[in-house]
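Chain and residue survey
Chain by chain, the residues run as shown.
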Amino acid sequence: MSGMRGMRAMAAILLLVAGCQGERARLHLGAKDFPEQLVLAEVVAEVIANAGIARPQVINCGNTSGCDGALYSGRVDLMVEYTGTALNYQGVARAHRYSMMEQLRELGKSHGLTWLDPLGFDNGYRVVVPTHRATALKLRAIVDLVRFSEGVRVVCPPSYVGRPMDGLASLLSRHGLRLRGKPLLITKAAERYHALLTNRADIAVGYGTDGGLRDLGVTVLEDTLGFHPPYQAALVVRSPVLEEYQGLRKVLDSLQGRIDGVTMRWANYQTQVQGRSPGIVARALLQRLGFIAKGTVGRRPLRDLELVYGKHDRVESLAVKTTRVIHQVFAERAVQLRKVHDPVEMLLQGKADLALLGAERFFPSREGRVRAAERRVNAVAVISTRALHVLRRRGEPADTKPLDGRVGVEHSENSAGRVVGTLLGMAGVRIATSDSAGKLLTRLKEKDLDAVVIVGEVGDALIAQAIAEIPLELVPLPPLESRHLLPYLRPQRIPPGTYKEQNAAVETLGSQLLLATRAAQKDQVGSHVQALSARRKRISARQVQHLLEVTMINGRPDPLLPAAAPLHATLHQERQSRAAGKTSDVLLNSGVFAFLIWLGWVVIRAP
């Protein structure tokens, strides 16, 4: 009987636990499928759980249509929605005699929904262009895009195309714009801005709280026609849920007006650019807002990886692209991007894990002389290849030589520009001036210079824009004997059709842009460098191999460069070490198992 009672008691306990778990899971919190929504859902869930009301289950319900359907049918109990989106998806014109929130609350009653006051930020749609292009074309507002006579190339989120009243078709119609080609549909914000900055699109449609708006060199165009309505973020809750859960309304009200646009943009930067998970960002956001005390943000996240690049090097968009490469290998690590004066020195001092370096930075130069390769830094993977572009005004006499007249090069603070200055100086070419790439092109347009030499990716956005608008012509780099003194420069051909009215291939020189890390400092035991670098563990040979695999389309690092090798030998040593570790584990486990058998036999035999 006692055994039966015990079984009944256990069954009752299990039923009670199951009932409690069911109660906690009954509150379903919806989230759309983009980072901001996932972060906000985690924030709301954490606040509700910390108040002891329930432990909400976060449900990714897809796009706006999917989430609205889930909310109206009761599969989702509450979610963060945006005011402009809610009105437009219901096909309701805004009644100006009411505030948007009053109108939504009146409409919500018929569906059993309660709209709470806004969280404090507006995540409206924004139309952005590269800053250098906005300056050159004097673009201030969306209506100014009519200057694109052939139409505009657009990159936008996939959902923007299907929006009924505030989507792409309505935007073009309202502003009298024409679309050039099919829109490029990209979900991730960082990838949209990369497409914009690499001249795959003329404009990008994003959100007002996109993290990429912070430091990627883009300009938001004014919506002077008031096309996009306000998109204030607010919680919308099924009214019966507020009655069922005592205290829920008060807890949710505590979030009203607490998250402003700057804070939300900071949170989005953490997920979109640095690669942190929504849960970790949500807890950091709650700590920042004072909802969670310091030291109580849960499991401590892995240390951020520091990726640095030269502050005068024109590689911002490539740096964002590089973070995506790194995330494929270090999925759980956030990446901090930093512009620094000397990225090589930051690696050597152990203040950075990885650096984005042109091949020239592996060969220090002083007073025009190139020294031996820096062996304390290793090339890991190729991110891109950059080419020397020689540009002149279109329509010059046929006998004009590429480097005749007044020649301008990028200033020496830009490491690639320093290479061009060294190369031409060794060849006896007189350099009239050095300046930033944008200013050089302006001076060429104003006939203050006859030729400029700029280093950039094949298809570089700034160069493509200048060729199309000034207009300029890309001409071959003449043979220079001095190139042999800069061994990392390799012959390269820019294919025909890369730039406007470029009908033939153009011969030039190029060099690799690489992801680099600190080399092993075996001969500096106890040194200052090693003491500093102990804070940052070097990436393993296996991680190097993975980085090589995900960047293989760009080729392998130039054999001339000090590489993160001998890679295969290091991998072989790692495999041997793991095999030895597994063998020792097996022996240890076998010994423990044998001891336990012996101990059991002794206990059984004991009187």
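Right, let's walk through the structure included here. It should be emphasised that the depicted structure is a prediction, and the values quoted were computed from it without experimental measurement.

Regarding the overall build of the protein
Along its length, the protein carries 21 helices and 22 strands. Partitioning the contacts of the protein with sequence separation of at least 6, the portion at a separation of at least 24 is 76%. For the protein, the accessible surface area stands at approximately 29,600 Å², while carbon and sulfur atoms represent 54% of it.

Here we look at the packing of helix H9 (residues 189-197) against helix H14 (residues 316-329)
Remark: H9 packs on H14, axes separated minimally by 9 Å, with the N-to-C direction vectors making an angle of 145°. Here H9 runs over H14; the crossing is left-handed. In this structure, H9 uses Ala190, Glu191, His194 and Leu197 to contact H14, whose residues at the interface are Ser317, Val320, Lys321 and Arg324.

A short note on H14
If you check H14, its first and last C-alpha atoms are 21 Å apart, about what 14 residues at 1.5 Å a residue would give, namely 20 Å. With 10 of 14 residues buried, H14 lies mostly within the body of the structure. Listed as buried for H14 are Ser317, Leu318, Ala319, Val320, Thr322, Thr323, Val325, Ile326, His327 and Val329.

Things to note about the pairing of strand S13 (residues 354-358)
In the case of a regular strand, side chains alternate between the two sheet surfaces. Most of S13 is tucked away, with 5 of its 5 residues classed as buried. Neither face of S13 is open: one carries Leu354, Leu356 and Gly358, the other Ala355 and Leu357, and all of them are buried. Across 3 bridges, strand S11 (residues 305-310) lies against S13 in parallel orientation. Paired with Tyr309 across the bridge in S13 is Leu356.

Details of the packing of aromatic side chains
Counting across every chain of the model gives 5 aromatic pairs. Seen from their ring centres, Tyr125 and Tyr160 are 4.7 Å apart, and the 55° between their planes marks the pair as tilted. With a gap of 35 residues between them, Tyr125 in strand S5 (residues 125-130) and Tyr160 in helix H7 (residues 158-161) connect regions that are remote in the sequence. Each of the two residues, Tyr125 as well as Tyr160, counts as buried. When the centroid spacing of 5.1 Å and the interplanar angle of 35° are considered together, the rings of Tyr125 and Tyr207 count as tilted. With Tyr125 in strand S5 and Tyr207 in strand S8 (residues 203-207), this pair connects stretches of sequence that are 82 residues apart.

Quick look at unusual backbone geometry
The linkage connecting Ile470 with the following residue, Pro471, adopts the cis geometry, with an omega of -10°. If you check the backbone angles, Lys138 has positive phi at about 55° while not being a glycine. If you trace the backbone, Lys138 turns up in the loop between helix H6 (131-137) and strand S6 (154-156). Although it is not a glycine, Asn199 adopts a positive phi angle of roughly 65°. In this structure, Asn199 sits in the loop between H9 and S8.

Points about the pattern of salt bridges
Considering all chains together, one arrives at 28 salt bridges under this definition. In this structure, Glu191 and Arg324 form a salt bridge, with 3.8 Å as the shortest nitrogen-oxygen distance. Highlighted residues: Glu191 in helix H9 and Arg324 in helix H14, separated in sequence by 133 residues. Across the salt bridge formed by Asp450 and Arg393, the nearest N and O atoms sit 3.7 Å from each other. Pair noted here: Asp450 is in the loop between helix H17 (437-445) and strand S19 (451-457) and Arg393 is in strand S16 (residues 377-393), with a separation of 57 residues, a long-range link. Of the two residues examined, Asp450 and Arg393, each falls in the buried class.

Side note on the pairing of strand S10 (residues 232-238)
Across the 7 residues of S10, 5 count as buried, placing the element largely inside the fold. Relative to S10, strand S3 (residues 78-82) is paired through 5 bridges, and the arrangement is antiparallel. Paired with Met79 across the bridge in S10 is Val236. Bridge count for strand S4 (residues 113-122) against S10 is 5 bridges, and the pairing is antiparallel.

Side note on the sheet that holds S4
Read from one edge to the other, the open sheet built from 5 strands follows the order S2-S1-S3-S10-S4, with strand pairing classed as mixed. The sheet is open, and its two borders are formed by strand S2 (57-62) and S4, each paired with just one other strand. Within this sheet the neighbouring strands show an average axis-to-axis angle of 30°, counted without direction. Examined bridge by bridge, strand S1 (residues 28-32) and S3 share 2 bridges and lie parallel to one another.

Analysis parameters
- Residues numbered from 1 in each chain as written.
- Predicted model: local features only at pLDDT ≥ 70, side-chain atom pairs only at ≥ 80, totals over all residues.
- Heavy atoms only, no water.
- Helix = DSSP H or I, 4+ residues; strand = E, 2+ residues; numbered from the N terminus.
- Contact = heavy atoms within 4.5 Å.
- Areas by Shrake-Rupley, 256 points an atom, 1.4 Å probe, with all protein chains shown as cover.
- Axes fitted to C-alpha atoms, helices over the stretch in contact; angles between N-to-C directions.
- Left-handed = near helix turned anticlockwise from the far one by under 90°.
- Expected span 1.5 Å × (residues − 1).
- Buried < 20%, exposed > 50% of the residue type's maximum accessible area, 1.4 Å probe, protein only.
- Pairing = 2+ DSSP bridges.
- Phe/Tyr/Trp six-rings, centres within 6.5 Å; stacked < 30°, edge-to-face > 60°.
- Salt bridge = Lys/Arg side-chain N within 4 Å of Asp/Glu carboxyl O.

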